[in-house]
Amino acid sequence: MSQDQTDGGGSGTAPAGAELPEYAERVLDVADLIPPGRVMTYGDIAEWLGAGGPRQVGRVMALYGSAVPWWRVVRSDGTLLPAHELRALDHYRAEGTPLREASHRAEGHIPRIDMRRARWDGGGQAEAEPDEGREPDGPGDRGDRGDRGGPGGPGGPGGPGEKAHT
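Residues numbered from 1 in each chain as written. Predicted model: local features only at pLDDT ≥ 70, side-chain atom pairs only at ≥ 80, totals over all residues. Heavy atoms only, no water.

What exactly am I supposed to notice about unusual backbone geometry here?
Backbone geometry follows two general trends: most residues other than glycine have a negative phi, and most peptide bonds adopt the trans configuration. A positive phi angle is found at Ala 83, which is not glycine, with a value near 75°. Of the residues examined, Ala 83 reaches a relative accessible area of 71% and is grouped as exposed. (Buried < 20%, exposed > 50% of the residue type's maximum accessible area, 1.4 Å probe, protein only.)

How do you make sense of the nonpolar core when you look at a structure like this?
Membership of the largest hydrophobic core comes to 35 residues, with the highest contact counts inside it found for Val 27, Ile 45, Val 57, Met 61, Tyr 92 and Ile 113. Counting residues per element, the ones that place at least two in this core are α2 (22–33), α3 (42–49), α4 (54–64), β2 (73–74), α5 (85–95) and α6 (115–118). Ranked by residues supplied to this core, first place goes to α2 with seven residues. Contacts of Ile 45, omitting those with residues within four sequence positions, involve Val 27, Val 30, Met 40, Val 57 and Val 73. (Core = buried A, V, L, I, M, F, W, Y, C linked by side-chain atoms within 4.5 Å. Helix = DSSP H or I, 4+ residues; strand = E, 2+ residues; numbered from the N terminus. Contact = heavy atoms within 4.5 Å.)

Can you walk me through α4 in this structure?
Two residues of an α-helix separated by three or four positions point the same way, owing to the 3.6 residues in each turn. Burial of α4 is extensive: eight of the 11 residues sit out of reach of the surface. For α4, the full list of buried residues reads Pro 54, Val 57, Gly 58, Val 60, Met 61, Ala 62, Leu 63 and Tyr 64. Where the residues of α4 are buried, they touch α2, α3 and β2.

Can you help me understand the packing of aromatic side chains in this one?
By convention here, two paired aromatic rings are described through the distance between centres and the angle between planes. Within this structure, the stated rule accounts for two aromatic pairs. Ring geometry for Trp 70 versus Trp 71: centroids 5.7 Å apart, planes at 85°, classification edge-to-face. Per residue, the accessibility class of Trp 70 equals that of Trp 71, and both read buried. (Phe/Tyr/Trp six-rings, centres within 6.5 Å; stacked < 30°, edge-to-face > 60°.)

What is the right way to look at the packing of α2 against α3 in this model?
A pair of packed helices is captured by two measures, namely the crossing angle of their axes and the spacing between those axes. With their axes 10 Å apart at the nearest point, α2 and α3 run at an angle of 115° to one another. It follows from the interaxial angle that α2 and α3 lie roughly perpendicular. Relative to α3, the crossing made by α2 is right-handed. Contacts between α2 and α3 pair Tyr 23, Arg 26, Val 27, Val 30 and Leu 33 from the former with Ile 45, Ala 46, Trp 48 and Leu 49 from the latter. Here the contact of α2 with α3 is built from residues that sort into eight nonpolar, no polar and one charged. (Axes fitted to C-alpha atoms, helices over the stretch in contact; angles between N-to-C directions. Parallel < 35°, antiparallel > 145°, perpendicular 65-115°, else oblique. Left-handed = near helix turned anticlockwise from the far one by under 90°. Nonpolar A, V, L, I, M, F, W, Y, C, P; charged D, E, K, R; others polar.)

How do you make sense of the packing of α3 against α4 when you look at a structure like this?
Their axes nearest at 8 Å, the elements α3 and α4 cross at an angle of 105°. Of the possible angle classes, the one that applies to α3 and α4 is roughly perpendicular. Here Tyr 42, Gly 43, Ile 45 and Ala 46 of α3 come into contact with α4, specifically with Pro 54, Val 57, Gly 58 and Met 61. Here the contact of α3 with α4 is composed, by residue class, of six nonpolar, two polar and no charged.

How should the confidence of the model for the protein be read in this particular structure?
Any region with low pLDDT has predicted coordinates that should not be read closely. Per-residue confidence for the protein gives a mean pLDDT of 73; residues scoring 70 or more make up 60%. Here residues 1–13 is modelled with pLDDT under 50, and outside its nearest four sequence neighbours on either side it reaches 37 contacts, counting other chains as well. (pLDDT = per-residue confidence, 0-100.)

For this particular structure, what's the right way to read the pattern of salt bridges?
By the definition in use, this model includes four salt bridges. Residue Arg 119 is joined to Asp 44 by a salt bridge in which the shortest nitrogen-to-oxygen separation is 2.8 Å. You can see Arg 119 sitting in the segment after α6 and its partner Asp 44 sitting in helix α3, a full 75 residues away along the chain. Classification of Arg 119 as partly exposed rests on a relative accessible area of 22%. By relative accessible area, Asp 44 is classed as buried at 7%. Its salt-bridge partner being Glu 95, residue Arg 72 comes within 2.6 Å of it at the nearest N-O pair. In this pair, Arg 72 is assigned in the loop between α4 and β2 and Glu 95 in helix α5, connecting sequence segments 23 residues apart. (Salt bridge = Lys/Arg side-chain N within 4 Å of Asp/Glu carboxyl O.)

Right under this line is the structure:
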């Protein structure tokens, strides 16, 4: 696993060796399927699973998301995850994720994801390539998910204003 996937960027961490809740495993399995250069929203994942909602997916990503390519699970408006913008931006640029440049009036001039072009609907799973630096172990591998925190935390993904994709 790459360093970006294993450094617990969030405030919450699961105890070492702890078994993940079934819903959390399902969310992380979907996040593992998202191909490089593409994204799904918190609401997209909840809709895909037919369970929970954007806030529940955001909570899973905040607690356990560092075990998967967390930067591919995003807010529905394409804004980057607060406090993780630069790390995520490095991933997006390396993977060729479509971005929209920020206006010069925008605070920090941080671009947004071009959701129209970057959003993945779950099709073409077999075409997804493993991340560079990750072993191609597939979405069923649980790895060390139970002992890492995600990039979220209070005010992180799935916060107020997050809406499911309809």
